[in-house]
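Below are the chains, spelled out letter by letter.
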Amino acid sequence: MAEVVRPVWAESHDGAALQEFLKQRGCDGVDAVMVTMQVAGCGLAEAQEMFFAAPCRVEELRFHNAVMNGLEQSQDDA
């Protein structure tokens, strides 16, 4: 997938466009983050930021935030 995506990244260096392209091809979640790392030449934190900041990934961000809030709540209750 990385080879298919490289021209999209090279054209604009736009994380949102990259994520939209990946999403349209069914590349989601961890796979999308890993491809982002390879194509953008960045680390995990930056790739995750591009993933979650993309408008097309709003549902993934909501799910992530809900899980993180649940974990925080469970630790507060312990």
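Every value quoted in this text rests on a predicted model; they were computed, and no experiment measured them. Per chain, the residues get numbers from 1 upward, laid out in the order the sequence is written. Reporting in this predicted model follows two pLDDT cut-offs: at least 70 for local features of residues, and 80 or more for side-chain atom pairs to be given and counted; totals over whole chains, interfaces and linings ignore these cut-offs and use all residues. Excluding hydrogens and water, the side-chain figures rest on all heavy atoms present in the structure.

Draft legend 1. Inspection of the overall build of the chain at higher detail. Helix and strand assignments follow DSSP, with helices taken as H or I runs no shorter than four residues and strands as E runs no shorter than two, numbered in order from the N terminus. In terms of regular secondary structure, the chain is built from five helices and zero strands. In the chain, the succession of α and β elements from N to C terminus is α-α-α-α-α. To sort residues, take the accessible area from a 1.4 Å probe on protein chains only and compare it with the maximum for the residue type: under 20% means buried, over 50% means exposed, and anything in between is partly exposed. Taking all 78 residues of the chain together, 29% fall into the buried category. Computed with a 1.4 Å probe, the accessible areas rest on the Shrake-Rupley method; for each residue, only the protein chains presented here act as cover. When the accessible area of the chain is evaluated, it comes to approximately 5,000 Å², of which 55% is carbon and sulfur surface.

Draft legend 2. Here's a closer look at the environment of F52. Relative to the helices and strands, F52 is located in helix α4 (residues 44–53). A C-alpha to C-alpha distance of 9.2 Å links F52 and R62, two positions 10 residues apart in sequence. Only heavy atoms enter the contact rule, under which two residues are in contact if any of them lie within 4.5 Å. Discounting residues that sit within four places of it in the chain, F52 has contacts with E60, L61 and H64.

Draft legend 3. Inspection of the side chain of R57 at higher detail. By the secondary structure assignment, R57 is in the loop between α4 and α5 (58–77). Residue R57 is classed as buried on the basis of its relative accessible area of 0%. Every residue in contact with R57, bar those within four places of it in the chain, is listed here: Q19, L22, K23, C27, D28, A32 and F51.

Draft legend 4. Region of the structure containing the pattern of salt bridges. One side-chain nitrogen of Lys or Arg within 4 Å of one carboxyl oxygen of Asp or Glu is enough to make a salt bridge. Scanning all chains against the criterion turns up five salt bridges. D28 serves as the salt-bridge partner of R57, at 2.5 Å between the closest nitrogen and oxygen. Note that R57 is positioned in the loop between α4 and α5 and D28 in the loop between α2 (15–24) and α3 (29–40), a separation of 29 residues in sequence. For D28, a relative accessible area of 33% gives the class partly exposed. Connected via shared salt-bridge partners are K23, D28, R57 and E60.

Draft legend 5. Quick look at the nonpolar core. What makes a nonpolar core is a set of buried Ala, Val, Leu, Ile, Met, Phe, Trp, Tyr and Cys residues whose side-chain atoms join them at distances within 4.5 Å. If you look at the biggest cluster of nonpolar residues, it comprises 16 residues, and the most contacted ones within it are V5, L22, V35 and V39. Taken together, the elements giving at least two residues each to this core come down to α1 (2–12), α2, α3 and α4. Beyond its immediate sequence surroundings of up to four residues, V39 is in contact with A2, V5, R6 and W9.

Draft legend 6. Representation of unusual backbone geometry in the model. A positive phi angle, near 50°, is found at H13, a position not held by glycine. Position of H13 relative to the elements: it lies in the loop between α1 and α2. H13 gets classed as exposed once you look at its relative accessible area, which sits at 53%.

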